[in-house]
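# Remarks on the overall topology
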Amino acid sequence: MKFFKEVASRAITFILVFSFLFSGIIVAYASDSGDDIETENFYVLTKGERETLDLTSGGTDCDLTDYKYVSSNKGIATVSKKGVVTAKKNGTCRITIYAKDDKTIRTSTKIYVGALIKKIKLSDTKVTITDGNYYMLKTTITPSNAVVTSLNYRSSNTNIAKVSSKGKITAVKPGTCTITVKTRDGSDLSRICTVTVKKQTSSDDAVVFPNPFFKNQVTTD
């Protein structure tokens, strides 16, 4: 019986770790103690900037002095005993965090050091699509050396038009909605594209622009 309990415990631990790794927060789970710690998936800093890590357990802020911190590259970012990260030079590294009294309770976060996005340009701010067809929204970001170039796309009404993580807008039914494109690097910039979906007639052609075979619709300027 003890053997089966141990197997079940390990299985639950694996499932929890696997599921949370793909969310916006990194979570570490220790089955024996029932404790877990979590932090942001990544931090974006400019050279010389300092940031205190946000660390919680069970929804409660942790005492940062109860944990140890290790930087994978101190030339890019260092971390103090109190969880304060200092950006040294442009690049990326990872900070590993673990409990002083139990190293199995651990998590990590990625540190990006470099320029933030200062401008987002959309290929169009107004689009008309016939229902059932789609449009590839292309974005250009400035500066070209921005350290985090990924963007978030959100539709104000998914019953009218949906949008993928790559900017593919799919018309669902006639109506008007907006697609908001927002930065993920902390610069808090956003742009809006207004989408009008019309009922398709026999004379309408599919709206597909730019080339649907482009792998990445985000470019830098």
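This text goes with the structure placed above it.
Let me begin by describing the structure that accompanies this report.

Scoring rules and cut-offs
- Residues numbered from 1 in each chain as written.
- Predicted model: local features only at pLDDT ≥ 70, side-chain atom pairs only at ≥ 80, totals over all residues.
- Heavy atoms only, no water.
- Pairing = 2+ DSSP bridges.
- Helix = DSSP H or I, 4+ residues; strand = E, 2+ residues; numbered from the N terminus.
- Patch = residues over 30% accessible without salt bridge, like charges linked within 9 Å, V, L, I, M, F, W, Y side chains within 5 Å.
- Areas by Shrake-Rupley, 256 points an atom, 1.4 Å probe, with all protein chains shown as cover.
- Salt bridge = Lys/Arg side-chain N within 4 Å of Asp/Glu carboxyl O.
- Lys, Arg positive; Asp, Glu negative; His and termini not counted.
- Charge placed at Lys NZ, Arg CZ, Asp CG, Glu CD.
- Buried < 20%, exposed > 50% of the residue type's maximum accessible area, 1.4 Å probe, protein only.
- Axes fitted to C-alpha atoms, helices over the stretch in contact; angles between N-to-C directions.
- Phe/Tyr/Trp six-rings, centres within 6.5 Å; stacked < 30°, edge-to-face > 60°.
- Lys NZ or Arg CZ within 6 Å of the ring centre and 35° of its normal.
- Core = buried A, V, L, I, M, F, W, Y, C linked by side-chain atoms within 4.5 Å.
- Contact = heavy atoms within 4.5 Å.
- Disulfide = S-S within 2.5 Å.

In this sheet, strand β10 (residues 91-99) lies alongside strand β7 (residues 67-71) in antiparallel orientation, the contact comprising 5 bridges. Paired with K68 across the strands is Y98, a residue of β10. The sheet contact formed by β10 and strand β11 (residues 102-113) spans 9 bridges and is antiparallel. For Y98, the partnering residue across the bridge sits in β11 and is R106. The antiparallel pairing of β10 with β11 creates a hairpin that spans 2 residues between the two strands.

There is a patch of like positive charges on the surface, built from K68, K81, K100, K103 and R106. Note on placement: K100 falls in the loop between β10 and β11. The class for K100 is partly exposed, based on a relative accessible area of 48%.

In this structure, P143 follows T142 across a cis peptide bond, with omega equal to 5°. By secondary structure assignment, the location of P143 is in the loop between β15 (139-142) and β16 (151-155). At D188, a residue that is not glycine, the phi angle is positive and equals roughly 60°. Here D188 lies in the loop between β19 (175-183) and β20 (190-198). For D188, a relative accessible area of 55% gives the class exposed.

All right, on to the pattern of salt bridges then. According to the stated counting rule, one finds 1 salt bridge in the structure shown. Across the pair D188 and K182 runs a salt bridge whose closest N-O atoms are separated by 3.4 Å.

Now for the sheet that holds strand β14 (residues 134-136). Across the sheet, which stays open at both edges, the 3 strands sit in the order β14-β18-β17 with antiparallel pairing between neighbours. Looking at which strands have only one partner, the edges of the open sheet turn out to be β14 and β17 (161-163). Neighbour to neighbour, the strand axes of the sheet diverge by 15° on average, direction disregarded.

Time to look at the packing of aromatic side chains. If you walk through the whole model with that rule in mind, you get 1 aromatic pair. Seen from their ring centres, F42 and Y112 are 5.5 Å apart, and the 85° between their planes marks the pair as edge-to-face. Separated by 70 residues along the polypeptide, F42 in strand β3 (residues 42-45) and Y112 in strand β11 bring together distant segments of the chain. Taken individually, F42 and Y112 each receive the classification buried, so the pair is uniform in this respect. The cationic tip of K168 hangs over the ring face of Y134; the distance from NZ or CZ to the ring centre is 4.3 Å.

Before going further, it helps to spend a moment on the sheet that holds β16. Strand order in the open sheet formed by 4 strands is β13-β20-β19-β16, with mixed pairing between adjacent strands. The open sheet terminates on both sides in strands that have one partner only, identified here as β13 (126-130) and β16. The mean inter-strand angle of the sheet, taken between neighbouring strand axes irrespective of direction, is 25°. Sheet topology places β13 next to β20; 5 bridges connect them, and they run parallel. Each residue of the ladder has a partner; that of T128, found in β20, is T196.

The next point concerns the nonpolar core. With 22 residues, the main nonpolar core has L137, I169 and V195 as its most contacted residues. Counting only elements with at least two residues in this core, the list comes to β12 (119-122), β13, β16, β17, β18 (168-171), β19 and β20. The contacts of V195, once residues within four sequence positions are left out, are V127, I129, A161, I169, G175, T176, C177 and I179. Y43, L64, I95 and I97 belong to the second-largest nonpolar core, a separate cluster that totals 21 residues.

Moving on, we come to the state of the cysteines. For the coordinates displayed, the defined rule picks out 0 disulfides. No disulfide involves C193; its nearest neighbouring cysteine sulfur is the one of C177, lying 8.8 Å away.

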